[in-house]
Amino acid sequence: PSAQHNRVRYPMETVKPAKSAKQFVFSRRAAEIPADLPETNLWPAGRDVELAEQRIANTEYTGAAIASLRLETVVLERIRFTETAFGSITMKDVRLVNCDLANVTCRALDLIRVEFINCRLTGFTGGEVAAQDVLFSECDGRYSQFRFSRFKSAEFDSCQFEDADFQGTDLAGSIFRNCNLRNVEMGKAKLFDADLRGSVVEGLRVGVEGLRGATVDASQAMRFALLLGIKIG
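Residues numbered from 1 in each chain as written. Predicted model: local features only at pLDDT ≥ 70, side-chain atom pairs only at ≥ 80, totals over all residues. Heavy atoms only, no water.

Participant: Would you take a moment to explain the side chain of Ser149 for this structure?
Facilitator: Summarising the element assignment, Ser149 is placed in the loop between β6 (128–137) and β7 (150–152). Exposure remark for Ser149: the relative accessible area of 5% places this residue in the buried category. A distance of 2.8 Å separates a polar side-chain atom of Ser149 from the backbone nitrogen of Val129. When near neighbours in sequence (up to four residues on either side) are disregarded, Ser149 contacts Gly127, Glu128, Val129, Gly168, Thr169 and Asp170. (Helix = DSSP H or I, 4+ residues; strand = E, 2+ residues; numbered from the N terminus. Buried < 20%, exposed > 50% of the residue type's maximum accessible area, 1.4 Å probe, protein only. Polar contact = N/O pair within 3.5 Å; in protein donor to acceptor, adjacent residues only side chain to side chain. Contact = heavy atoms within 4.5 Å.)

Structure (structure tokens):
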């Protein structure tokens, strides 16, 4: 037999293309609320309040203490809770429109598919928040506190958060669109896959690890470089 016939034939090696990094796609589920909810302007009395499938508008509940508040499939419009203290708040499929929660305090806040539209949240203290699929749109959240909280699929649109406190908060995958984040505390916060483009970030306090994986625009990148002591030649 010829040398050619004695040659050992090896199977052909298949070269697989290198895997590209999986692109993050933001997806927030909107609150599931029917359009025909029964409406009232009466807020129930008591320290433990539970509401479902209602629309409450044009009422005031201030300076009081509520042990627990549970809302499911509820719309609140023009409700004033100024300086009210809550033990715990649980909301699912809730929309708050033009509500005043200034200086409200809460020890525990659980949110699923909740929308805050044009709400006043100045000085709001949320305790350790567990939030999924939440929207803050055109809200005033100056001096608010969300320390050591977790926001999953959160969207912040055209909000004022100057001097707010998000220290140690998990904001991975969140969007801050056209927000004022001036002097916001985000030390030890997680911003992986978060999108900060278009927001004001002067004075934002955040560490190198916190910014890892975040998306910023060119002007923000320059500011963060100066903030982190990076020299650009």
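Participant: Is there a simple way to explain the nonpolar core in this structure?
Facilitator: Within soluble globular proteins, side chains that are nonpolar generally end up buried alongside one another. Counting residues in each nonpolar core, the largest one holds 56 residues, and the members touching the most others are Trp43, Leu76, Leu96, Phe151 and Met186. Only β2 (48–60), β3 (65–80), β4 (85–97), β5 (105–117) and β6 provide two or more residues apiece to this core. Residues within four places of Leu76 in sequence aside, it is in contact with Trp43, Ile56, Leu71, Phe81, Arg95, Leu96, Val97 and Cys99. (Core = buried A, V, L, I, M, F, W, Y, C linked by side-chain atoms within 4.5 Å.)

Participant: Which parts of the structure should I look at to understand the packing of aromatic side chains?
Facilitator: Any pair of aromatic rings gets described here by the distance separating the centres and the angle formed by the planes. Tallied over the full model, the rule gives 17 aromatic pairs. Summarising the aromatic geometry, the rings of Trp43 and Phe81 are spaced 5.1 Å apart at their centres and angled 75° between planes, so their arrangement reads as edge-to-face. Placement of Trp43 in the loop between β1 (39–40) and β2 and of Phe81 in the loop between β3 and β4 is noted, with a sequence separation of 38 residues between them. For Phe81, a relative accessible area of 2% corresponds to the buried category. With 4.7 Å between their ring centres and 5° between their planes, Phe116 and Phe136 make a pair best called stacked. With Phe116 in strand β5 and Phe136 in strand β6, the pair connects residues that are 20 residues apart, well separated along the chain. In terms of burial, Phe116 and Phe136 fall into one category: buried. (Phe/Tyr/Trp six-rings, centres within 6.5 Å; stacked < 30°, edge-to-face > 60°.)

Participant: Teacher, can you tell me more about the confidence of the model for the protein here?
Facilitator: The predicted coordinates of low-pLDDT regions are not to be read in fine detail. In this model, the protein carries an average pLDDT of 89, and 88% of its residues clear a pLDDT of 70 or more. Considering each helix and strand of the protein separately, the mean pLDDT is smallest for helix α1 (residues 3–6), with a value of 48, and largest for strand β8 (residues 155–157), with 98. Taken as a whole, residues 1–19 scores under 50 in pLDDT and shows one contact with residues more than four places along the chain or in a different chain. (pLDDT = per-residue confidence, 0-100.)

Participant: Can you walk me through the pattern of salt bridges in this structure?
Facilitator: With the rule as written, the count across this model stands at 20 salt bridges. With a shortest N-O distance of 2.7 Å, Asp195 and Arg197 are connected by a salt bridge. For Asp195, a relative accessible area of 16% translates into the label buried. The partly exposed category is assigned to Arg197, whose relative accessible area is 45%. The salt bridge involving Arg223 is made with Glu202; its shortest N-O contact spans 3.1 Å. (Salt bridge = Lys/Arg side-chain N within 4 Å of Asp/Glu carboxyl O.)

Participant: Looking at this model, I keep getting lost on the pairing of β6. Mind explaining?
Facilitator: Successive residues of a regular strand alternate their side chains across the two faces of the sheet. The buried fraction of β6 is high, at seven of ten residues. Both β5 and β6 contribute to a ladder of nine bridges, which runs parallel. Counted as the bridge partner of Glu115 is Leu135 from β6. Summarising the sheet, β6 and β7 pair through three bridges and their orientation is parallel. Counted as the bridge partner of Ala130 is Arg150 from β7. Where β6 lies against β8, three bridges are found, and the strand directions are parallel. The residue bridging Phe136 from the neighbouring strand is Phe156, located in β8. (Pairing = 2+ DSSP bridges.)

Participant: Whenever I open this one, the pairing of β4 confuses me. Can you help?
Facilitator: The pairing of β3 with β4 spans eleven bridges and is classified as parallel. Looking across to β4, one finds that Ser68 is bridged to Ser88. Relative to β5, β4 runs parallel, the two sharing eleven bridges. Residue pairing across strands places Ile89 opposite Leu109, the latter belonging to β5.

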